[in-house]
Amino acid sequence: MTFILPKLPYSYDALEPIIDAKTMEIHHSKHHATYTNNLNTALEKHPKLQAKRLEELLQNLDVVPEDVKMAVRNNGGGYYNHNLYWEVMTPAGLKQPQGKLSGEIDKKFGSLDKFRELFSHEAVSRFGSGWAWLAADDNKELSVLSTPNQDSPLSTGLTPLLCIDVWEHAYYLNYQNRRADYVKAWWELINWEVVLEKYSALK
Ligand code: MN3
């Protein structure tokens, strides 16, 4: 299987003014494309791995051969994480989670505001480059966490539901060093319908 850079579900300028078109274009057509190409190159040497789903590889990095383990972790993670990142944003989303996701957030974190505070703290305080996440475990219990580099919560047994990219390339043109401003503004872009779909699809 060859991984394909997915088309965005909206135009490059659709998320303005929160994320500018130039940032989106470079992020998608250069950064995400590079992860995609590097993942395909790594898997060329291991046809058996190509038969597996990417989720499976990221969930079981210990069975990935040593010579491509780091490449799969970094570029497979980069490919997967960006797919989710594009998907969980929208220019015209609901302002808050609905349905049973809303109830689960209240139950786990106390309120939507408390969840937002915790998530934003993870995103802002992640040292260097990485991601912040809302994820669920096998019992559908929610958690908030951050990961370094392109590491995926899949590798620690969690299912990602929502993510924000806090690498500088995700915000630098507009926000320079002000990651906290990006995180705060980004909150308006969350596609809660998609996040709920992902939560509802958990088995
Ligand atoms: Mn990125």
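Next up on the list: the sheet that holds strand 2 (residues 142-148). With antiparallel pairing, the three strands of this open sheet are ordered in space as 2-1-3. The open sheet has two edge strands with one neighbour each: strand 2 and strand 3 (159-165). Averaged over all neighbouring strand pairs, the angle between strand axes comes to 25 degrees, with direction disregarded. Summarising the sheet, strand 1 (residues 130-136) and strand 2 pair through seven bridges and their orientation is antiparallel. The residue bridging W133 from the neighbouring strand is L145, located in strand 2. Lying over the sheet, helix 5 (residues 99-109) contacts strand 1 and strand 2, oriented at roughly 80 degrees with respect to strand 2.

Of note, T23 is situated in helix 1 (residues 21-44). Once the C-alpha coordinates of T23 and T156 are considered, the two residues, 133 residues apart in sequence, prove to be 30 Å apart. Aside from chain neighbours lying at most four places away, what touches T23 is H169, A170, Y171 and L173. Of note is the side chain of T23, whose polar atom sits 2.7 Å from the side chain of D20.

Procedures and definitions
Every chain is numbered independently, its residues counted from 1 as its sequence is written. Totals for whole chains, interfaces and linings use every residue, but because this is a predicted model, local features are given only for residues with pLDDT of at least 70 and side-chain atom pairs only at 80 or more, for both listing and counting. Hydrogen atoms and water are omitted, and side-chain values are computed over all heavy atoms in the structure. Any two strands are treated as partners once DSSP identifies two or more bridges connecting them. Secondary structure is summarised from DSSP: a helix means a run of H or I of at least four residues, a strand means a run of E of at least two, and numbering begins at the N terminus for each. Angles shown run from 0 to 180 degrees and are taken between the N-to-C directions of axes, each axis being a line fitted to C-alpha atoms and, for helices, limited to the stretch in contact. It only takes one pair of heavy atoms within 4.5 Å for two residues to be counted as in contact. Two N or O atoms count as a polar contact when they lie within 3.5 Å, although within protein this holds only if one can serve as hydrogen donor and the other as acceptor, and sequence-adjacent residues are included solely when both atoms are side-chain atoms.

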